Amino acid sequence: MSQALQFYEKKILADKEFPIQLVMNKSGNRERYFTMHWHEQIELHYVLRGRTRIRLEQEDALGGQGDLIICNSNILHEGFNEGVNGDPAMETMVVIFSMGDFSRELADKNIIFRSLICQDPRIRSLMLQICREYEEKELGYRLACKGMLLQLVTYLVRHYAAEMLSERGGARRLERLERLNKVYQYIESHFTEPVTNKELAALVHVSQGRFEHLFKESAGMAPLQYVNEIRLEKAMNLLKKGGSTVTEVADAVGFSDYNHFGRLFKRRFACTPGEVEENSRIV
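Residues numbered from 1 in each chain as written. Predicted model: local features only at pLDDT ≥ 70, side-chain atom pairs only at ≥ 80, totals over all residues. Heavy atoms only, no water.

A few words on helix H2 (residues 121-136). A rise of 1.5 Å per residue sets the reference length of H2, with its 16 residues, at 22 Å; its end C-alpha atoms lie 22 Å apart and thus fit the reference within 8%. Residues Ile123, Leu126, Met127, Ile130, Cys131 and Tyr134 constitute the buried set of H2. Summarising the axial view, the buried residues of H2 lie within an arc of 135°, below the 170-degree limit, and thus occupy one face. For H2, the exposed residues lying more than 90 degrees away from the buried face are Pro121 and Glu135. Where H2 is buried, its residues contact strand E1 (20-27), strand E3 (42-49), strand E6 (68-71), strand E8 (90-97), strand E10 (116-117) and helix H3 (141-159). Where H2 starts, the residue carrying a side-chain oxygen 2.9 Å from the main-chain nitrogen of arginine 122 turns out to be aspartate 120. Downstream of H2 by one or two residues, lysine 137 has phi in the positive range, about 50°. (Helix = DSSP H or I, 4+ residues; strand = E, 2+ residues; numbered from the N terminus. Expected span 1.5 Å × (residues − 1). Buried < 20%, exposed > 50% of the residue type's maximum accessible area, 1.4 Å probe, protein only. Arc of directions from axis to C-beta. Contact = heavy atoms within 4.5 Å. Polar contact = N/O pair within 3.5 Å; in protein donor to acceptor, adjacent residues only side chain to side chain.)

What follows is the structure, encoded as structure tokens:
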């Protein structure tokens, strides 16, 4: 998935015969391996190895090997490799699809699935079969994947449907996401500068208090906390590239208080900026 911040990610599943996107996500470091975004499709993450944490608006879903994390449609989500017992290797099978391509009856019900399903043997069997077919790509593999996904969707609908949104509820969720799109784009373009809640609220023409509530409801954190998350991710990337001191990197991403930067960085990545800088020199 693209590492550039894309709040809304347009998915085009144009193949009528196979309206599914299959992706193998691999990560070898404790890091954010895909950035925050949303789309109309449902996104399934089956953990093949390691441990992943996917932030779903105000909820964090932590899944280990054999677990399934579901990102429902029109939900902000981003993923982090959490590692297991010092082993940072992580691998997930991602399946993206639109319910409307499989069943208009089910699509009209606006089903919201449970976000985390742990160690279900039926799900494990189907996901591993889909994974095997996708990797081997023998004749008819797309038909086989589609058939097993239909079985999986039916099973999820019958056993793991958490709620059904009204048409009005679904429209409200989509409107909120589209409204905040401008804010996320602004943060991506101006994170190196001082950013205030007041100026962010002005972008969407609401009071500061209302904006802070809307943003936290959508992103699962306060606006300025999110700005710092972006700065820390950019800082990590710069430090890994090498060629800059910790002070230069802190300045470049918008931190004026270097001690504060160091504390936030260690809390976020469980290591100091200096340690990352030193490792980049060794490599």
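More follows now that the structure is in view.
Across the sheet, four strands lie side by side as E2-E7-E4-E5; this open sheet has antiparallel pairing. Of all the strands in the sheet, just strand E2 (32-37) and strand E5 (59-64) have a single pairing partner and so form its edges. Mean inter-strand twist for the sheet, computed between neighbouring axes without regard to direction, equals 15°. The sheet contact formed by strand E4 (residues 51-56) and E5 spans six bridges and is antiparallel. Along E5, the bridge assignment pairs arginine 55 with aspartate 60. (Pairing = 2+ DSSP bridges. Axes fitted to C-alpha atoms, helices over the stretch in contact; angles between N-to-C directions.)

Here we come to the pattern of salt bridges. Under the criterion given, the structure shown has 14 salt bridges. Connected through salt bridges with shared partners, the residues Arg30, Arg32, Arg53, Arg55, Asp60, Glu78, Glu82, Glu229, Glu233 and Arg268 form a single ionic network. (Salt bridge = Lys/Arg side-chain N within 4 Å of Asp/Glu carboxyl O.)

Let's shift gears to unusual backbone geometry. In this model, asparagine 110 sits at a positive phi of 50°, which is unusual for a non-glycine residue. The phi dihedral of histidine 205 falls on the positive side, at around 60°, and the residue is not glycine. Looking at where histidine 205 falls in the secondary structure, it is placed in the loop between helix H5 (197-203) and helix H6 (208-219). A residue is classified by how much of its surface remains accessible, and histidine 205, at 71% relative accessible area, is exposed.

Moving on: the packing of helix H7 (residues 223-241) against helix H9 (residues 258-269). Put simply, H7 and H9 touch, their axes get as near as 10 Å, and they point 85° apart. One element, H7, and the other, H9, form an angle in the roughly perpendicular class. Here Asn228, Glu229, Leu232, Glu233, Ala235, Met236 and Leu239 of H7 lie close against H9, whose contacting residues are His260, Phe261, Leu264, Phe265, Arg268 and Phe269. Among the residues forming the contact of H7 with H9, the class breakdown is eight nonpolar, two polar and three charged. (Parallel < 35°, antiparallel > 145°, perpendicular 65-115°, else oblique. Nonpolar A, V, L, I, M, F, W, Y, C, P; charged D, E, K, R; others polar.)

Turning our attention to the confidence of the model for the chain. Summarising the model, the chain shows a mean pLDDT of 88, and 92% of its residues fall at 70 or more. Considering only residues more than four positions removed or in separate chains, one finds that residues 1-6, a stretch of pLDDT under 50, has 19 contacts. (pLDDT = per-residue confidence, 0-100.)

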